[in-house]
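Chain by chain, the residues:
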Amino acid sequence: MKVVNKSNGLPLFIEEDLLIELGQIGIKHFPNEFGGFLIGQYSDDLRAVTVNNYLLPSSYKGFPFSFVRYIDGLVTIFKKIFLEQKQYYIGEWHTHPNGTTAYSQTDLNAMIKTVECDTVQIKNPILLILSINEKDLKDYTFYIYDNKKLLPYE
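Here we come to the pattern of salt bridges. The tally for this structure, following the rule as stated, stands at 2 salt bridges. The salt bridge partner of Glu 154 is Lys 6, with a shortest N-O separation of 3.7 Å. Of this pair, Glu 154 sits in the segment after strand S10 (150–152) while Lys 6 sits in the loop between strand S1 (2–4) and strand S2 (11–14), and the two are 148 residues apart along the sequence. Salt-bridge contacts for Arg 69 lead to Glu 92; the nearest nitrogen and oxygen are separated by 2.8 Å. You can see Arg 69 sitting in strand S6 (residues 66–70) and its partner Glu 92 sitting in strand S7 (residues 88–97), a full 23 residues away along the chain.

Structure, rendered in structure tokens:
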């Protein structure tokens, strides 16, 4: 599947099965938010991004209206993924149980903090928000972080 960012024209590719799998993982944590990391790569010309996989946090706190993930031990795993698969961290994903796919100020602040982190090498990470209920993935929106803003994909 392909979505395109309406602000910069950057296409994002993801297999529909992977998107559905993320939704199913989120539903298992309903009614709390849950999420993790997006793994993939940019094209050689940096004009497209592909989401190939995900990584779940080893520790987290999920509540109906917030999600906090920790990176304990994950830097080593990210390095291994890069060395073995030539893929890397490209962003984050989380659910909004019984909510919309609109991002909150908390979501934006988390992305700002992520970009400012010394261990993060990417300056325009992707954010995926999944709207779920107790049984279904209802909707999703991809965003790209750019200069303290989250710009939606269509």
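This part takes up the environment of Phe 13. Positionally, Phe 13 belongs in strand S2. Here the alpha-carbon distance between Phe 13 and Gln 41, two residues 28 residues apart in the chain, equals 10 Å. Not counting chain neighbours up to four residues away, the residues in contact with Phe 13 comprise Met 1, Lys 2, Ala 48, Val 49, Thr 50 and Val 51.

So, on to unusual backbone geometry. For the peptide bond that leads from Phe 30 to Pro 31, omega is 10 degrees, which places it in the cis range. Along the chain, Pro 31 turns up in the loop between helix H1 (16–28) and strand S3 (35–42). For Lys 86, which is not glycine, the phi torsion reads 55 degrees and is therefore positive. Tracing the backbone through its elements, the reader meets Lys 86 in the loop between helix H2 (74–85) and S7.

Our next topic: the packing of aromatic side chains. Following the criterion strictly, the structure yields 11 aromatic pairs and no others. Each member of the aromatic cluster is reached from another via a ring pair, and the members are Phe 34, Tyr 60, Phe 67 and Trp 93. Between the NZ or CZ atom of Lys 86 and the centre of the ring of Phe 82, over which it lies, the distance is 5.4 Å.

The next subject is the nonpolar core. In this structure, Leu 12, Trp 93, Phe 142 and Tyr 153 are the most contacted members of the largest nonpolar core, which totals 36 residues. Those elements that place two or more of their residues in this core are S2, H1, S3, strand S4 (49–55), H2, S7, strand S8 (126–132) and strand S9 (137–145). With 5 residues, the single largest contributor to this core is H1. Counting 9 residues, the second largest nonpolar core, distinct from the first, contains Met 111, Val 115, Ile 129 and Tyr 145.

Calculation notes
- Residues numbered from 1 in each chain as written.
- Predicted model: local features only at pLDDT ≥ 70, side-chain atom pairs only at ≥ 80, totals over all residues.
- Heavy atoms only, no water.
- Salt bridge = Lys/Arg side-chain N within 4 Å of Asp/Glu carboxyl O.
- Helix = DSSP H or I, 4+ residues; strand = E, 2+ residues; numbered from the N terminus.
- Contact = heavy atoms within 4.5 Å.
- Phe/Tyr/Trp six-rings, centres within 6.5 Å; stacked < 30°, edge-to-face > 60°.
- Lys NZ or Arg CZ within 6 Å of the ring centre and 35° of its normal.
- Core = buried A, V, L, I, M, F, W, Y, C linked by side-chain atoms within 4.5 Å.
- Buried < 20%, exposed > 50% of the residue type's maximum accessible area, 1.4 Å probe, protein only.

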